[in-house]
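Residue-level structure breakdown
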Amino acid sequence: MTATTILLDGKALSKQMEAELKTRVQRIIEKTGVVPVLATILVGDDPSSEVYVKMKGNACERVGMTSVKAHLPKETTTAELVDTIRQLNTDPRICGILLQHPVPHQIDERACFDKIDIDKDVDGVTCLGFGRMSMSEPAYGSATPAGIMKLLKHYQLPLAGKHAVVVGRSPILGKPVAMMLLNENATVTICHSRTNNLPELIRQADIIVGAVGKPEFIKAEWIKDNAIVVDAGYHKGGIGDIELTPLVNRVAAYTPVPGGVGPMTIATLIAQTVESAEKKMLS
Ligand code: NAP
């Protein structure tokens, strides 16, 4: 690594965030006597999803909150999942709701996400939240993109006027991160599976965000020197969506895999749950 390459250390920043969140949770409990709760919903038995939900529950506990878990069978219908969300919306103890993505194919995931109350949408998955965020109105951002933005801001990386190329346009990652970069005055190109000349577009990127879901799909040789490299992917063997190893000596900054974007997603979910708890319980 050159002296000037910055490792965007999501693990360290998330620890720092958790320490601060713990103090804020203690304050809520001292003032109200009530422990804030995050509700997690897991549908089916996908092992990766189970691990993610567990990690989110553990992070709640580390900052002094509790999580309650609704684990529904893989045959659950849209109507049944909507019913669970409605109950959690009206439960006054619950400050935030996380519906773990993806849900089994028979469920209309979008319909279910959009049943989450905007005040409890701490994972930033609703259309309303996305629209508000896009218009720079107050809203909880989608957790992974919002975590990426926190990381870029923490390291004070210049975004205004830069050309950001986002590879991926999913509702929870590519699209919202593109809007967040646009709101920070980057010039944004969004690429997807129908994009022509992907390597040429990536060669123009000052900031590249990999959100493709394919191991090392984005090649190091497509990325120019001194770019800022954000890899949202995580695959078996600890590799991401970008071929990172050949890049670490010649880019301005990069997120390691693991230890970059992943921990920031969880810390952001927890931070947004604490914010929701403060709004509900302290105001
Ligand atoms: P997704 O829903 O599968 O979306 C993948 C996107 O990549 C789609 O927009 C797709 O385009 C695009 N794509 C697929 N093949 C392509 C190609 N050949 N060229 C250009 N674009 C292509 O995935 P996701 O949920 O956004 O996740 C993306 C990655 O982030 C995954 O590796 C996932 O594991 C990771 N992730 C990490 C976290 C975290 O907390 N660290 C959270 C969420 C996701 P179309 O729209 O045209 O199909």
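Residues numbered from 1 in each chain as written. Predicted model: local features only at pLDDT ≥ 70, side-chain atom pairs only at ≥ 80, totals over all residues. Heavy atoms only, no water.

**A short note on the overall build of the protein**
- Of the regular secondary structure elements, the protein holds 9 helices and 9 strands.
- Taken along the three principal axes of its C-alpha coordinates, the protein extends 50 × 40 × 35 Å.
- In the protein, buried positions account for 49% of the 283 residues.
- For the protein, the share of sequence-separated contacts (at least 6 apart) that also reach a separation of at least 24 residues comes to 71%.
- The averaged location of the 31 negative side-chain charges in the protein is 2 Å from the averaged location of its 31 positive side-chain charges. (Helix = DSSP H or I, 4+ residues; strand = E, 2+ residues; numbered from the N terminus. Buried < 20%, exposed > 50% of the residue type's maximum accessible area, 1.4 Å probe, protein only. Contact = heavy atoms within 4.5 Å. Lys, Arg positive; Asp, Glu negative; His and termini not counted. Charge placed at Lys NZ, Arg CZ, Asp CG, Glu CD.)

**Focus on the sheet that holds strand β5 (residues 163-167)**
- Ordered by their spatial adjacency, 6 strands build an open sheet running β1-β9-β8-β7-β5-β6, and the pairing between neighbours is parallel. Of all the strands in the sheet, just β1 (6-7) and β6 (187-191) have a single pairing partner and so form its edges.
- Where β5 and β6 come together, 5 bridges link them in parallel fashion. By the bridge assignment, histidine 163 is partnered in β6 with threonine 187. (Pairing = 2+ DSSP bridges.)

**As for the pattern of salt bridges**
- In this structure the tally under the stated criterion is 10 salt bridges.
- Its salt-bridge partner being arginine 93, residue aspartate 91 comes within 3.0 Å of it at the nearest N-O pair.
- Classification of aspartate 91 as buried rests on a relative accessible area of 19%.
- One connected set of salt bridges, linked through shared partners, spans Glu20, Arg24 and Glu278. (Salt bridge = Lys/Arg side-chain N within 4 Å of Asp/Glu carboxyl O.)

**Focus on the site of the ligand**
- In the vicinity of the ligand, 21 residues are found, and the nearest of them are Arg169, Ser170, Ser193, Ala232 and Thr265.
- A distance of 2.8 Å separates an oxygen atom of the ligand from a polar side-chain atom of arginine 169.
- At a separation of 3.0 Å, a nitrogen atom of the ligand approaches a polar side-chain atom of lysine 214.
- Partitioning the shell around the ligand into residue classes produces 8 nonpolar, 10 polar and 3 charged. (Near = heavy atom within 4 Å. Polar contact = N/O pair within 3.5 Å; in protein donor to acceptor, adjacent residues only side chain to side chain. Nonpolar A, V, L, I, M, F, W, Y, C, P; charged D, E, K, R; others polar.)

**Brief notes about the pairing of strand β3 (residues 66-72)**
- Looking at chain direction, strand β2 (residues 37-43) and β3 are connected through 7 bridges and run parallel. Directly across from isoleucine 41, in β3, lies its bridge partner alanine 70.
- Handedness of the crossover joining β2 and β3 through helix α2 (residues 47-62): right-handed. (Right-handed = clockwise from strand over helix to strand, strands pointing away.)

**Things to note about the packing of helix α6 (residues 143-154) against helix α9 (residues 261-282)**
- Contact pair α6 / α9: the axes reach a minimum separation of 8 Å and the direction vectors enclose 105°. One element, α6, and the other, α9, form an angle in the roughly perpendicular class. Contact with α6, carried on its side by Ala143, Thr144, Ala146, Gly147, Ile148, Lys150 and Leu151, involves Val261, Met264, Thr265, Thr268, Leu269 and Gln272 of α9 and no other residues of that element.
- Grouping the amino acids of the contact of α6 with α9 by side-chain chemistry returns 7 nonpolar, 5 polar and 1 charged. (Axes fitted to C-alpha atoms, helices over the stretch in contact; angles between N-to-C directions. Parallel < 35°, antiparallel > 145°, perpendicular 65-115°, else oblique.)

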